[in-house]
Amino acid sequence: MVMKGYVLLSNGGLSLPAQKAALRRLGVDPAPSSGQLFVDDARERASLARRIGDELYARRLAVNSLVAGDALAIASPACLGMSVNDIRLTLDEILGRHIDIIVANPRLHVRAGDRQGVAGFLDAAFKERRAAHAGWMRQARVSPTLKGGRRRIDFDEALARKLWSDPAYTKEDVAVAVGVGVRTLHRRLGSRNLRPPA
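Computed from a predicted structure; not experimentally measured.

Engineer: Could you give an account of the overall build of the chain, with specific residues and numbers?
Structural biologist: In terms of regular secondary structure, the chain is built from eight helices and five strands. Going from N to C terminus, the chain has its helices and strands arranged as β-α-β-α-α-β-α-β-β-α-α-α-α. Buried positions account for 37% of the 198 residues belonging to the chain. Long-range contacts, defined as pairs at least 24 residues apart, comprise 62% of the intrachain contacts of the chain with a sequence gap of at least 6. Element-wise, carbon and sulfur atoms account for 53% of the exposed surface of the chain, whose accessible area totals about 11,800 Å².

Here it is, written out as structure tokens:
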């Protein structure tokens, strides 16, 4: 059995040293000269890859270099693809070719026909992707230089509150007057709760 390692660097994912260390524990030589390690760096093109369905080139090379009975080693289930759907499709293709998948954390060995192993793998991938995405969004909300999360929109809130409480103005009138959307006004100022004239 031949075992090759695959590393996917993505936003919010494991670092290169962490993935190499995990693969080393599984018996994969991470040295570039060994020919056992394939690396995709999708940190900068993550959103583009999802949008156009771009395939990860090194992953394709790794899978094509293996034959039935061989194994692909990865650090964690989320390191197999850019999204849970991408991971599921890649997993189906690899197992359909009777190539095993060995995961360092959590320790898994998934074989073709192993429904319980596949279910555990996909569940772990989903949880890891969700946690990475949540962490990235939290970080993006704190850092003004990162994209992600809802950006703070500045407008004349005092004028908006005055017009918002005046029944003579519609929501749209207030939004145009202060230069923001109606949703932003609802989010920042709350419900109008206007009382009808007596």
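Engineer: Before we move on, can you summarise the pattern of salt bridges with the specific residues and values?
Structural biologist: Counted by the stated rule, this structure contains eight salt bridges. Arg111 serves as the salt-bridge partner of Asp100, at 3.9 Å between the closest nitrogen and oxygen. With a gap of 11 residues between them, Asp100 in strand β4 (residues 100-103) and Arg111 in the loop between β5 (108-110) and α5 (115-142) connect regions that are remote in the sequence. Asp100 gets classed as buried once you look at its relative accessible area, which sits at 13%. Three or more residues are tied together by salt bridges with common partners; here these are Arg60, Glu93 and Arg97.

Engineer: How would you explain the sheet that holds strand β2 (residues 37-41) if you had to name every residue and give the values?
Structural biologist: A sheet is described by the order of its strands in space; here five strands give the open sequence β2-β1-β3-β4-β5, paired in mixed fashion. What marks the edges here is a single partner per strand, and that holds for β2 and β5. The average undirected angle you get between the axes of adjacent strands in this sheet is 20 degrees. In the sheet, β4 pairs with β5 via three bridges, with the strands oriented antiparallel. From the neighbouring strand, Val103 faces β5, where its bridge partner is Leu108. Here helix α3 (residues 57-64) sits on the sheet and contacts β1 (3-9), β2 and β3 (71-74); the angle it forms with β2, its principal contact strand, is near 160 degrees.

Engineer: Go over the pairing of β1, please, and point to the residues and values.
Structural biologist: Of all the seven residues making up β1, seven are buried; the element is thus mostly covered by neighbouring parts of the structure. Here β1 shows two buried faces, one formed by Met3, Gly5, Val7 and Leu9 and the other by Lys4, Tyr6 and Leu8. Relative to β3, β1 runs parallel, the two being bridged by three bridges. Each bridged residue has a counterpart across the sheet, and for Gly5 the counterpart in β3 is Ala73. Of the pairings in the sheet, the one linking β1 to β2 comprises five bridges and is parallel in character. Bridging across to β2, Leu8 finds its partner in Asp40. The parallel pair β1 and β2, bridged by helix α1 (residues 16-26), forms a crossover whose chirality is right-handed.

Engineer: So, the pairing of β3: which residues are in play, and what are the values?
Structural biologist: Burial of β3 is two-sided: the residues Ala71 and Ala73 facing one way and the residues Leu72 and Ile74 facing the other way are all buried. When β3 meets β4, the two strands line up parallel, connected through four bridges. Directly across from Ile74, in β4, lies its bridge partner Val103. The handedness of the β3 to β4 crossover, carried by helix α4 (residues 84-96), is right-handed.

Engineer: Please set out the packing of aromatic side chains residue by residue, giving values where relevant.
Structural biologist: In total, this model carries zero aromatic pairs according to the counting rule given. Seen from the ring of Trp164, Arg192 lies directly overhead, with NZ or CZ sitting 5.0 Å from the centre.

Calculation criteria
- Residues numbered from 1 in each chain as written.
- Predicted model: local features only at pLDDT ≥ 70, side-chain atom pairs only at ≥ 80, totals over all residues.
- Heavy atoms only, no water.
- Helix = DSSP H or I, 4+ residues; strand = E, 2+ residues; numbered from the N terminus.
- Buried < 20%, exposed > 50% of the residue type's maximum accessible area, 1.4 Å probe, protein only.
- Contact = heavy atoms within 4.5 Å.
- Areas by Shrake-Rupley, 256 points an atom, 1.4 Å probe, with all protein chains shown as cover.
- Salt bridge = Lys/Arg side-chain N within 4 Å of Asp/Glu carboxyl O.
- Pairing = 2+ DSSP bridges.
- Axes fitted to C-alpha atoms, helices over the stretch in contact; angles between N-to-C directions.
- Right-handed = clockwise from strand over helix to strand, strands pointing away.
- Phe/Tyr/Trp six-rings, centres within 6.5 Å; stacked < 30°, edge-to-face > 60°.
- Lys NZ or Arg CZ within 6 Å of the ring centre and 35° of its normal.

All quantities given are derived from atomic positions and should not be read as evidence of function.
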